[in-house]
Amino acid sequence: MRDRLKAIFGRIRAILTPGESLIEQSVTGGIWLTLLNITGRAFQILTVVFLARLLDPRAFGIVGSAMLVITGLRRVSKLGLNDALIYNESENVDPYLNTVWILNGGRGIVLGVLLFAAAPGIAWFFSEPNIEPILRAMAIGPVILGLRNPSIVYFKKDLNFHKQFVYDVSGDAAYFFTALAYAVFDPTVWALAFGYVARNVVRSGFSFVLSGYRPWPSIDVARAAEMIDYGKWITASNVLNYVSNQGDDIFVSWLLGSSALGFYQLAYRLSNAPATELAHVVSQVSFPAYSKVQDDPETVRSAFYRTIRLSMFLVAPMAIGIALVTEPFVTGVLGEQWVPMIVPMQLLAIYGLLRGYLASFGSVWRATGNQDYLVKVQLLTIVLIAIPIYPAASRYGISGVAMVIVAVYAFVMTPVDMYFAVEAVDGSFRRLAKEFAYPLPAAGIMGLVGLWIQRVVTIAPLVEFVLLVVVGIVTYAAAVLAIESRIEWGIVDEIRDLASFI
């Protein structure tokens, strides 16, 4: 028995240890990122489940408004330094790190001062006086994060995602335990604010624990200019990405108030997190992997198609499944006070499906030197959402906002993004559309079975939630195997190849 256990643990250690080849590093990195996202989402769900029972939606909305401002300033001032270092073909980027540390540290201090000084005006803008003290307390967060060890760029550049796992999960754990402990004794908005600060403190600390590199205050102007020149499109993309992804949050908070924002943000987070995070696992692995073979277009194109196929295989059932289980999950787990988020969450699950599909496009654009595509598609998204969002929100509330986002992505942005992706890899629009469409019949069958269960079975919401999850997994697996036996889809072969490699 001891030898058997030793063999099992040895096999697990081999799977989780990065190999020598690019494919071994990519697969191992993908496994670690999957574990990272599963663990991160577990902490997020635990935070939601426990704190949603202790705090009211307004508390989530107040901290949500503060985070919109913090995230906005961070995006506007982000220089794309890490992306520039990952893109850099040199394996050793140590000569750049002191410069990165100075730039990031200075940026963090400036952001902290701006947030502290602007807090009264921001509270006035959102018509929420409680934002002022919360935002001033949270202003220390960007300062702490700006001083983290710049060598964490190697976690992604070298596909050492086991270190990225420890770095990210330590922060998630700190947020959860700090916020929960505070909320138990004082169930107020301050629990969420202190959780945010604790996450940044712990992550900055672990950035030094996980790396032997020690930054020193010095700056190389030429290297700074080189990184900023590459990152200018990343910076512009981050600004537009913030407006396109968080602009609706700002609008909801401004027009409908903190409570509405609490409902909307939680609906968005829960509906999008599982589907898009799985896709982002692939995206985070694929960018450095694509960058290493950027001079071989055929390899990049082939890898891109395989990435899309695996992403949609995972994303499609999760997005449709989330829409199915929303009502029993909200009523059975979160409580009746969160019922207004049910319809927006179901609508945003469709957005999660599209977003999960498109998430893989950005990495191939960046790796092929087409960073400007990120800016172009995000600018178009902003314009298309901005036109109808006010009348939709005025009439239908947060459900109207969700409807606008889904319509824009379904009918305009998905075809546009596909066009740019095909151009970047010199591929085929038809082939890309097939990779998107293949998993949908199996996911649709799963959805129909779930709807049938909801119509014929009347049970407690929590039991219904568990039943739908179990039946959904079994139904999707059976549908995939049935479709695979009828057409040459190739997804089973992809999974078999991955399992054989592991």
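Just above, that's the structure.
Values in this document were obtained by computation on a predicted structure and should not be read as measured data. (Residues numbered from 1 in each chain as written. Predicted model: local features only at pLDDT ≥ 70, side-chain atom pairs only at ≥ 80, totals over all residues. Heavy atoms only, no water.)

Topic: the overall build of the protein chain
Spelled out, the test is: Strands here mean DSSP runs of E at least two residues long; helices mean DSSP runs of H or I at least four residues long; both are numbered from the N terminus. Three labels apply to residues, based on accessible area from a 1.4 Å probe with only protein chains included: buried if under 20% of the type maximum, exposed if over 50%, partly exposed otherwise in between. Whether two residues are in contact is decided by their heavy atoms, any of which lying within 4.5 Å being enough. In this description, accessible areas are obtained by the Shrake-Rupley approach with a 1.4 Å probe, and a residue is regarded as covered only by the protein chains that are shown.
When helices and strands are tallied, the protein chain shows 21 helices and 0 strands. Of all 502 residues assigned to the protein chain, the portion counted as buried reaches 52%. Contacts in the protein chain between residues far apart in sequence, at least 24 positions, make up 82% of those at least 6 positions apart. When the accessible surface of the protein chain is split by element, carbon and sulfur atoms take 66% of a total near 22,200 Å².

Observations concerning the side chain of R301
Checked against the element boundaries, R301 lands in helix α13 (residues 297-334). Given a relative accessible area of 18%, R301 falls into the buried group. Not counting residues up to four positions away in its chain, the partners in contact with R301 are V425, D426 and G427.

Overview of unusual backbone geometry
Of note in this structure, S127 is not a glycine but carries a positive phi near 55°. Tracing the sequence through the fold places S127 in the loop between α5 (94-125) and α6 (131-138). In this structure, D426 is a non-glycine residue whose phi angle is positive, near 55°. Tracing the sequence through the fold places D426 in the loop between α17 (398-425) and α18 (429-437).

Some points on the nonpolar core
The nonpolar side chains of a soluble globular protein tend to be buried with one another. Let me state the cut-off plainly: Definition used in this section: a nonpolar core is a set of buried Ala, Val, Leu, Ile, Met, Phe, Trp, Tyr and Cys residues joined via side-chain atoms within 4.5 Å.
In terms of nonpolar packing, the biggest core is built from 121 residues, with L334, M341, F361, W365 and L432 touching the most fellow members. At 15 residues, α17 tops the list of elements feeding residues into this core. Setting aside anything within four residues of it in sequence, one finds L432 in contact with F304, Y305, I308, Y357, F361, M418, A421 and V422. I152, F155, Y167 and L210 belong to the second-largest nonpolar core, a separate cluster that totals 5 residues.

Section: a nonpolar patch on the surface
We count it as follows: Patch definition: residues with relative accessible area over 30% and no salt bridge; like charges joined within 9 Å; nonpolar side chains (Val, Leu, Ile, Met, Phe, Trp, Tyr) joined within 5 Å. One side-chain nitrogen of Lys or Arg within 4 Å of one carboxyl oxygen of Asp or Glu is enough to make a salt bridge.
Judged by side-chain polarity, W124, F125, W254 and Y390 come together as a nonpolar surface patch covering roughly 530 Å² of accessible area. Looking at where W254 falls in the secondary structure, it is placed in helix α11 (residues 221-256). What makes W254 partly exposed here is its relative accessible area of 44%.

Notes on the pattern of salt bridges
Taken as a whole and judged by the stated rule, the model has 4 salt bridges. Two residues, R58 and E128, come together in a salt bridge whose shortest N-O distance is 2.7 Å. One end of the pair, R58, is in helix α3 (residues 57-77); the other, E128, is in the loop between α5 and α6, with 70 residues separating them in the sequence. Of the residues examined, E128 reaches a relative accessible area of 5% and is grouped as buried.

Focus on the packing of aromatic side chains
Filter applied, for reference: Only Phe, Tyr and Trp rings are paired, with Trp represented by its six-membered ring, and only when their centres lie within 6.5 Å; those with planes under 30 degrees apart are stacked, over 60 edge-to-face, the remainder tilted.
According to the stated counting rule, one finds 19 aromatic pairs in the structure shown. Where F263 meets W338, the ring centres are 5.6 Å apart and the plane angle is 85°; that geometry is what we call edge-to-face. With F263 in helix α12 (residues 258-292) and W338 in the loop between α13 and α14 (342-358), this pair connects stretches of sequence that are 75 residues apart. Given the relative accessible area of 13%, F263 is considered buried. With a relative accessible area of 0%, W338 lands in the buried category. Ring centres of Y357 and F436 lie 4.5 Å apart, and the angle between their planes is 45°; on these two criteria the pair is classed as tilted. Linking Y357 in helix α14 with F436 in helix α18, this pair joins segments that are 79 residues apart in sequence. Grouping residues by exposure puts Y357 and F436 together as buried. Counting every residue linked through ring pairs, the aromatic cluster contains F304, Y305, Y357, F361 and F436.

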